[in-house]
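Residues per chain are reported as follows:
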Amino acid sequence: MRLAASGLDGTTLLVLPALFAILGLFVYPFAYGLVLSLQPKAGAWWANYARFFSDPFLYDTVAATLRLALPVTVLNLALAVPIALRVRLMRRQRLLTTILVLPITLGTVLVAEGLLNFLGPQGWFNRSLVWLGVIGSPLKLTNNYWGVFASLLITGFPFAFLLTLSSVTGIDPALEQAAATHGANAWQRFTKVILPLILPGLAVTFCLSFVQAFSVFPSAVLLGAPAGATRVISIAAYQAAFEEYDYSLASAIAMIMGAVQLAIVGLLLWGRTLLYTGPVGGTKG
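Just so we're clear, the structure is a prediction, and the values are computed from it rather than from any experiment.

Draft legend 1. Seen up close, the UniProt feature "domain: ABC transmembrane type-1" (unreviewed entry) in the protein chain. Using the residue numbers shown here, the UniProt feature "domain: ABC transmembrane type-1" (unreviewed entry) corresponds to residues 62-268. Its end C-alpha atoms 19 Å apart, residues 62-268 is made of 75% helix and 0% strand.

Draft legend 2. Representation of the packing of helix H3 (residues 47-54) against helix H13 (residues 247-272). Direction vectors running N to C along H3 and H13 enclose 65 degrees, while the axes themselves pass 9 Å from each other. As judged from the angle between their axes, H3 and H13 are roughly perpendicular. Here the hand of the crossing between H3 and H13 comes out right-handed. In this structure, H3 uses Asn-48, Tyr-49, Arg-51, Phe-52 and Phe-53 to contact H13, whose residues at the interface are Ser-248, Leu-249, Ala-252, Ile-253, Met-255 and Ile-256. A class-by-class count of the residues in the contact of H3 with H13 yields eight nonpolar, two polar and one charged.

Draft legend 3. Spotlight on the UniProt feature "transmembrane region" (unreviewed entry) in the protein chain. Mapped onto this structure's residue numbering, the UniProt feature "transmembrane region" (unreviewed entry) falls at residues 12-31, 68-87, 99-125, 145-165, 193-214, 220-242 and 249-270. With 100% helix and 0% strand, residues 145-165 has its two end C-alpha atoms placed 29 Å apart. Between the first and last C-alpha atoms of residues 193-214 the distance is 32 Å; the span itself is 100% helix and 0% strand.

Draft legend 4. Expanded view of the packing of helix H9 (residues 173-181) against helix H10 (residues 186-214). Two elements in contact, H9 and H10, have axes whose closest approach is 10 Å; the angle formed by their N-to-C orientations is 160 degrees. Considered as vectors, H9 and H10 are oriented roughly antiparallel to each other. Every pair of crossing elements has a handedness; the one defined by H9 and H10 is right-handed. Contacts from Leu-175, Glu-176, Ala-179 and Ala-180 in H9 reach Arg-189, Val-193, Ile-194 and Leu-197 in H10. Here the residues of the contact of H9 with H10 are counted per class, giving six nonpolar, no polar and two charged.

Draft legend 5. Structural detail: the side chain of Thr-155. Residue position: Thr-155 is located in helix H8 (residues 145-168). Judged by relative accessible area, which is 14%, Thr-155 ranks as buried. Only 2.9 Å separates the side chain of Thr-155 from the backbone oxygen of Ser-151, close enough to count as a polar contact. At 3.4 Å, the side chain of Thr-155 forms a polar contact with the backbone oxygen of Leu-152. The contact partners of Thr-155, leaving out residues within four places of it in the chain, are Ile-104, Thr-108, Val-111 and Gln-212.

Draft legend 6. How the structure looks around the pattern of salt bridges. Per the counting criterion, the structure on display carries four salt bridges. With its nearest N and O atoms 3.2 Å apart, the salt bridge here joins Glu-244 to Arg-51. Remark: Arg-51 occurs in helix H3 and Glu-244 occurs in the loop between helix H12 (233-242) and H13; sequence separation between them is 193 residues. Owing to a relative accessible area of 40%, Glu-244 belongs among the partly exposed residues under this scheme. The exposure class of Arg-51 is partly exposed, given its relative accessible area of 34%. Note that Glu-176 and Arg-88 form a salt bridge whose closest N and O atoms lie 2.8 Å from each other. Of this pair, Glu-176 sits in helix H9 while Arg-88 sits in the loop between helix H4 (56-87) and helix H5 (93-101); the two residues are 88 residues apart in sequence, bridging distant segments of the chain. One connected set of salt bridges, linked through shared partners, spans Arg-51, Glu-244 and Asp-246.

Draft legend 7. Expanded view of the nonpolar core. In this structure, Phe-52, Phe-161, Ile-198, Phe-214, Ile-233 and Ile-253 are the most contacted members of the largest nonpolar core, which totals 44 residues. Among the elements of the structure, H3, H4, H8, H10, H12 and H13 are those that each provide at least two residues to this core. With ten residues, the top contributor of residues to this core is H10. Those residues in contact with Phe-214 that lie beyond four places of it in its chain are Thr-65, Leu-66, Ala-69, Ile-233, Met-257, Val-260 and Gln-261. Of all hydrophobic cores here, the second largest spans 15 residues; its members include Val-72, Leu-119, Leu-152 and Leu-223.

Draft legend 8. How the structure looks around the environment of Ile-104. In this fold, Ile-104 is placed in the loop between H5 and helix H6 (108-119). Judged by relative accessible area, Ile-104 falls into the partly exposed class, the value being 39%. Sequence spacing of Ile-104 and Phe-157 is 53 residues, and the spatial spacing of their C-alpha atoms is 8.4 Å. What Ile-104 contacts, discounting residues up to four positions off in sequence, is Thr-155, Pro-158 and Phe-159.

How each quantity is defined
Residues numbered from 1 in each chain as written. Predicted model: local features only at pLDDT ≥ 70, side-chain atom pairs only at ≥ 80, totals over all residues. Heavy atoms only, no water. UniProt positions renumbered as here; feature names shortened; annotations may be inferred. Helix = DSSP H or I, 4+ residues; strand = E, 2+ residues; numbered from the N terminus. Axes fitted to C-alpha atoms, helices over the stretch in contact; angles between N-to-C directions. Parallel < 35°, antiparallel > 145°, perpendicular 65-115°, else oblique. Left-handed = near helix turned anticlockwise from the far one by under 90°. Contact = heavy atoms within 4.5 Å. Nonpolar A, V, L, I, M, F, W, Y, C, P; charged D, E, K, R; others polar. Buried < 20%, exposed > 50% of the residue type's maximum accessible area, 1.4 Å probe, protein only. Polar contact = N/O pair within 3.5 Å; in protein donor to acceptor, adjacent residues only side chain to side chain. Salt bridge = Lys/Arg side-chain N within 4 Å of Asp/Glu carboxyl O. Core = buried A, V, L, I, M, F, W, Y, C linked by side-chain atoms within 4.5 Å.

Spelled out as structure tokens, the structure:
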């Protein structure tokens, strides 16, 4: 009874399995990686971090990753919002939703293989354009920035769409109808009613989609230029661990990767607190 009075009743104890899973799958590996990153092969405890930020070949990977992750995330949200608003009003919503999220079931490697066959120099897209006389020689759409961009867009859109759809379907249609009754047109209803209500959900969607895009690895290797424009930070960590066999440096790069993600996610979540967080349903009165 004393434990229950302190909040430790049987219902509260149900969180223990999840707590142990978090400790085993996240907290311990994170702590182990942090300690390992502070044990360089040579030099002081900060030597790995000093090496990373003093070597352009290493620290440029942060900018290269952001150049991919940020535009892909913004474009995914820009596509997901109007499509989700349209799908929520359709009769066969489940069928359309299934079709739109199908790419997420294919996996990154299969999507990359499909893009190589479709957008490659001898792919259907280039061959069709050459046959139609639109271009004289095949366009280079793979093994560069745009190949990785297309892959991230295809694999990331279903995730952003599902999260956005859950936000827009939670809005009471009566609010939009009330705005229309007062003379608001479609654009005004979107900007004045719908957008302020879904912005907190979009902020969370942006965070999750950004983290997914920032951790890009297979697409950057299969469709990009791993030694050039698409040498993202995950490739730098992989090379440090499995080519240089410097697990301490690889852990330091992973810590930096996590710090960049946490900084951007934290900034967005802080901005989310400034947005409207009240009810999204109609009220009587």
